[in-house]
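# An overview of the molecular structure
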Amino acid sequence: GVHRQILFATVGWFVGYYLVKRAEYVHAKLDRELLEYVRHHPADFKAADKKRIGELLEDFHPVR
């Protein structure tokens, strides 16, 4: 009946809430570890030289 639907909706809400919080925790932990690695190894993550868009694209040759 209705009481089961309310029970399952409530349980589903709590399980979903827990899963979202767990996923946020896992992603925050991974971000923290990756940023710490980048901070300790700056030579591996040098900033790339800025290029103009013309240097990235190939020359255009129309086909006729």
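Let me begin by describing the structure that accompanies this report. Computed from a predicted model, the values in this text were never measured in an experiment.

To continue, consider the pattern of salt bridges. Applying the stated criterion to the full structure yields two salt bridges. Here Glu24 and Lys21 are joined by a salt bridge, their closest N and O atoms 3.8 Å apart. Residue Glu24 and its partner Lys21 are both found in helix α1 (residues 2–40); the two are separated by three residues, about one turn of the helix. Given the relative accessible area of 45%, Glu24 is considered partly exposed. Given a relative accessible area of 41%, Lys21 falls into the partly exposed group. Across the pair Glu36 and Arg39 runs a salt bridge, and its minimum N-O distance is 2.8 Å. Taken as a pair, Glu36 and Arg39 lie in helix α1 at a separation of three residues, close to a single helical turn.

With that settled, the discussion passes to the packing of aromatic side chains. In the structure shown here, the tally under the stated rule is three aromatic pairs. Taking 5.4 Å as the distance between ring centres and 15° as the angle between the ring planes, the aromatic pair formed by Trp13 and Tyr17 counts as stacked. Of this pair, Trp13 and Tyr17 both sit in helix α1, separated by four residues, roughly a single helical turn. Measuring from centroid to centroid gives 6.1 Å for Tyr37 and Phe45, while their planes differ by 85°, and the two rings are edge-to-face. Ring-pair connections join several aromatic residues into one group, and the members of that group are Trp13, Phe14 and Tyr17.

Rules behind the numbers
- Residues numbered from 1 in each chain as written.
- Predicted model: local features only at pLDDT ≥ 70, side-chain atom pairs only at ≥ 80, totals over all residues.
- Heavy atoms only, no water.
- Salt bridge = Lys/Arg side-chain N within 4 Å of Asp/Glu carboxyl O.
- Helix = DSSP H or I, 4+ residues; strand = E, 2+ residues; numbered from the N terminus.
- Buried < 20%, exposed > 50% of the residue type's maximum accessible area, 1.4 Å probe, protein only.
- Phe/Tyr/Trp six-rings, centres within 6.5 Å; stacked < 30°, edge-to-face > 60°.

Scope: geometric values only; no functional claims are made or implied.
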